[in-house]
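In case you want the letters, here they are:
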Amino acid sequence: MPRNTTHSPPSRGRRFSAAVATTALVGGSLLLAPAATAAVAPGETPNDLGLTGADVMTHLTELSEISESFAAEGYRAWNSPGYEAAAEYAEEVLEATGAFTVTRDEFDVPYSEFGEASLTVEGTTYEGSHFDTSEGVDGDYTDILALPAADAAGLRLGCATTDYAAVPVGAIVLVQRGDCTFQAKIENATAAGAGAVFVYNNARPEAEGTTPQDQLTNVSAGPRNEDNSPAATLPQASGDALVALVTAAPAGDPVEGTAVIEKEFLVGKTFNIIADSVAGDPDDTLVVGAHLDGVAEGPGVNDNGSGSAAILALAEKIAASEVPNDKRIRLALWGAEEIGLLGSTAYVDELVAEDPAELARISAYLNYDMIGSENFTVGVYDANESSSEAPVEIPEGSIEIEKVYTDYFDAITQPWIDTEYSGRSDYQAFIDNGIPSGGLFSGADDIKTEEQVAQFGGTAGVFMDRNYHTENDTLENVSRASVDIFAPAIGHAAYVLAWDAVAPTPTPTPTPTAEPTATPSPTAEPTATAAPTAAPSASATAVPAPGGKGSGGSLARTGSDVEGSPLPLIGAGMLAFGLVVAAGTAIARRRTQQ
């Protein structure tokens, strides 16, 4: 999981046409289909396809061994031999099920190779670090140092263009981290004519374990903009020392510095792995995804070997199901997520440009990015914004997906919390194009609270994953208790959305459900969920369960199953309209290419 999103959003025109087609086709199919089931009936054991933490750990162990064996070559980074080896293993597992058609989806990756990043002032060289997509300096650059205006607290955050009113054109600007994005700081300094920009770290929470001398690394400055001023980062101690020099300098005798920001922009290639189920309606697709790549700084066993292992274990359970899935299930292992969500974005962008009708066939996307954090919480993407306002636009239907998870956890008395619907992972491209999305998250660089310790155990006042993006993200530091909780929930969500959601018209003789399993009692300590069921049942009930924290509306309340309802006719019209829009988009593109 990256700290920031770096991809560029699709053009407004592409997003609009895709959204229209998606809304019409998906909306029409939802109205025509039998009612979906998000709720779990009181006393009913949720169907989880039999997916267990042990199933996930089998594949996670293999991915861990692969990553560790390539420690000297960047572990499982997007362009490393470790990523290729992990991909080959995943393809073998998926193909061995016999239930999926497996392909590689190749895409271009803009990337940078970094050289020196430093600022030399009065004979002292202050070593810095690079933003991933900021511009570099062609040779050394020397000019005076300048600061944005200080706010009431004395901070020089540079979050408004007016903060740079006194900055001379060509100056090397020192800006403090905080409040707004790095991208905004660089763009504001660029607008003032800065010759170079150095963002220095602010005082960090004690829980981060960051000293004033530590570099601000692995950060994004947004999409590349060649018109922006060159930029790099500095530790807090360096920034504080330089600001003190500038503020102490006599009027008319400014401090001068020399910036070195060496960077080369290149284009490489990598790939996603896409596996389409043989069973299921190809006109109605559930996509379930996780990123397979990791960072070069560590083996990435939790981030995101854990989510990838869950996808592989889910594939085996789908293949083993006695009742075939009604919807087509597309499993995706994304590449280059850690450098800007590039794999999932390239995949969706290609559908937008080349096959909008296929994009419109995707009725939902489920994302699993980190499910084994050592100081975990059980987080559900907060689509109904009951805990926090989302910084992204949430597609209609996402609340119902959230309820699939929360109803499940409520049914087995498993505590859970909302986690911000942030777009910080591979669901971003899907929600950009109006596709209902949801997912689960065990936590990364958020501080665990005392209340969360009471719910899930662990340690308060520190990160939910203290090994995030480090060499300590190993198999030994994955929480087995967390994986045991998340695995059946992943199986259950797939069952609800690919079996239950399009259940066939009931026959006169109902099919018996699988034997229920025992329900665990509430506990403050991390525990596994109830034992999984063996296979999905052929029928489902739509009995609302008591709403839990963050619960949304029920997918069953579409009205399409009500006698005399006009919604099936409306749905047919929406489907027809969507097909026309999708076809028109494709024709227009072909004419443009010709």
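Residues numbered from 1 in each chain as written. Predicted model: local features only at pLDDT ≥ 70, side-chain atom pairs only at ≥ 80, totals over all residues. Heavy atoms only, no water.

- By the naming in an unreviewed UniProt entry, the chain is PA domain-containing protein, taken from Microbacterium proteolyticum.

### Re the state of the cysteines
- As enumerated under the stated definition, the model contains one disulfide in all.
- What pairs with Cys159 in a disulfide is Cys180, and their sulfur atoms sit 2.1 Å apart. Here Cys159 and Cys180 share a disulfide; its torsion about the S-S bond, -90°, makes the bridge left-handed. In this pair, Cys159 is assigned in the loop between strand E4 (141-146) and strand E5 (172-176) and Cys180 in the loop between E5 and helix H4 (182-191), connecting sequence segments 21 residues apart.
- Here Cys159 falls in the partly exposed class, since its relative accessible area comes to 31%. (Disulfide = S-S within 2.5 Å. Helix = DSSP H or I, 4+ residues; strand = E, 2+ residues; numbered from the N terminus. Buried < 20%, exposed > 50% of the residue type's maximum accessible area, 1.4 Å probe, protein only.)

### Thoughts on the confidence of the model for the chain
- Of all residues in the chain, 77% attain a pLDDT of 70 or more, and the chain-wide mean is 83.
- Considering only residues more than four positions removed or in separate chains, one finds that residues 579-594, a stretch of pLDDT under 50, has 13 contacts. (pLDDT = per-residue confidence, 0-100. Contact = heavy atoms within 4.5 Å.)

### Some remarks on the pattern of salt bridges
- Enumeration according to the criterion identifies 17 salt bridges in this entry.
- Of the charged contacts in the structure, one is a salt bridge between Arg224 and Glu226, with a shortest N-O distance of 4.0 Å.
- Each of the salt bridges in this network shares a partner with another, and the network as a whole consists of Asp276, Asp283, Arg328, Arg330, Glu358 and Arg361. (Salt bridge = Lys/Arg side-chain N within 4 Å of Asp/Glu carboxyl O.)

### Re the packing of aromatic side chains
- In the structure shown here, the tally under the stated rule is 13 aromatic pairs.
- With a centroid separation of 6.0 Å and an interplanar angle of 50°, the aromatic rings of Trp334 and Phe430 are classed as tilted. With Trp334 in strand E10 (residues 327-334) and Phe430 in helix H10 (residues 428-432), this pair connects stretches of sequence that are 96 residues apart. Take Trp334 and Phe430: they sit in the same class, and that class is buried.
- Here a set of aromatic residues connected by ring pairs shows up, and it is made of Trp334, Tyr347, Tyr365 and Phe430.
- Its guanidinium or amino end placed over the ring of Phe271, Arg104 lies 3.9 Å from that ring's centre, counting from NZ or CZ. (Phe/Tyr/Trp six-rings, centres within 6.5 Å; stacked < 30°, edge-to-face > 60°. Lys NZ or Arg CZ within 6 Å of the ring centre and 35° of its normal.)

### Structural notes on empty space enclosed by the protein
- Here the structure, examined in full by the defined rule, presents five cavities of 30 Å³ or more.
- If you add up the space inside the largest cavity, you get close to 50 Å³.
- Thr133, Ser134, Glu135, Ile186, Ala221, Pro223, Arg224, Asn225 and Asn228 together form the lining of the largest cavity.
- Grouping the constituent residues of the lining of the largest cavity by class yields three nonpolar, four polar and two charged. (1 Å grid on protein atoms, 1.4 Å probe; cavity = no way out; pocket = protein on both sides within 12 Å on 5 of 7 lines; lining within 4 Å. Points joined across faces, edges and corners; volume = space filled by probe spheres on them. Nonpolar A, V, L, I, M, F, W, Y, C, P; charged D, E, K, R; others polar.)

### Looking at the packing of helix H2 (residues 53-69) against helix H12 (residues 480-498)
- Between H2 and H12, whose axes approach to 8 Å, the crossing angle comes to 120°. Here H2 is positioned oblique relative to H12, judged by the angle of their axes. Considering the relative orientation of H2 and H12, their crossing is right-handed. From H2, Gly53, Ala54, Val56 and Met57 reach across to H12, where they touch Arg480, Val483, Asp484 and Ala487. (Axes fitted to C-alpha atoms, helices over the stretch in contact; angles between N-to-C directions. Parallel < 35°, antiparallel > 145°, perpendicular 65-115°, else oblique. Left-handed = near helix turned anticlockwise from the far one by under 90°.)

### Observations regarding the packing of helix H9 (residues 398-411) against H12
- Contact pair H9 / H12: the axes reach a minimum separation of 10 Å and the direction vectors enclose 130°. Regarding the angle of H9 to H12, the classification is oblique. The hand of the H9/H12 crossing is right-handed. Here Ile401, Val404, Tyr405, Tyr408 and Phe409 of H9 come into contact with H12, specifically with Ile485, Pro488, Ala489, His492, Ala493, Val496 and Leu497.
- Residue classes in the contact of H9 with H12 are distributed as 11 nonpolar, one polar and no charged.

### Observations regarding helix H6 (residues 301-320)
- When the terminal C-alpha atoms of H6 are compared, their 26 Å separation across 20 residues agrees well with the 28 Å that a helix rising 1.5 Å per residue should span.
- Counting buried positions along H6 yields 16 of 20 residues, so the element is predominantly enclosed. (Expected span 1.5 Å × (residues − 1).)

### Topic: the pairing of E4
- Here E4 pairs with strand E8 (residues 256-277) via four bridges, running antiparallel. Each bridged residue has a counterpart across the sheet, and for Asp143 the counterpart in E8 is Gly257.
- Summarising the sheet, E4 and E5 pair through two bridges and their orientation is parallel. From the neighbouring strand, Ala146 faces E5, where its bridge partner is Val173. (Pairing = 2+ DSSP bridges.)

### Quick word on the side chain of Asn367
- Within the secondary structure, Asn367 is located in strand E11 (residues 362-368).
- Relative accessible area serves as the criterion here: at 0%, Asn367 is assigned to the buried category.
- Within polar-contact distance, the side chain of Asn367 engages the side chain of Tyr365 at 2.7 Å.
- One polar contact links Asn367 to Ser425, side chain to side chain, over a distance of 3.0 Å.
- Aside from chain neighbours lying at most four places away, what touches Asn367 is Gly289, Tyr381, Ser425, Asp426, Tyr427, Gly438, Gly439 and Leu440. (Polar contact = N/O pair within 3.5 Å; in protein donor to acceptor, adjacent residues only side chain to side chain.)

### Comments concerning a negative patch on the surface
- A grouping of Glu116, Glu127, Asp140 and Glu262 is seen on the molecular surface, where their side chains present a negatively charged patch.
- Relative to the assigned elements, Glu116 resides in strand E1 (residues 100-121). (Patch = residues over 30% accessible without salt bridge, like charges linked within 9 Å, V, L, I, M, F, W, Y side chains within 5 Å. Areas by Shrake-Rupley, 256 points an atom, 1.4 Å probe, with all protein chains shown as cover. Lys, Arg positive; Asp, Glu negative; His and termini not counted. Charge placed at Lys NZ, Arg CZ, Asp CG, Glu CD.)

### Describing the nonpolar core
- By size, the foremost hydrophobic cluster in this structure holds 69 residues, and its most contacted members are Leu331 and Phe409.
- In terms of residue count, the dominant contributor to this core is H12 (12 residues).
- Filtering out sequence-adjacent residues up to four positions away, Leu331 remains in contact with Leu94, Phe100, Ile273, Ile274, Ala275, Val288, Ile311, Leu314 and Ala315.
- In terms of nonpolar packing, the next biggest core, distinct from the first, is built from 27 residues, Ile274, Ala383, Ile431 and Phe441 among them. (Core = buried A, V, L, I, M, F, W, Y, C linked by side-chain atoms within 4.5 Å.)

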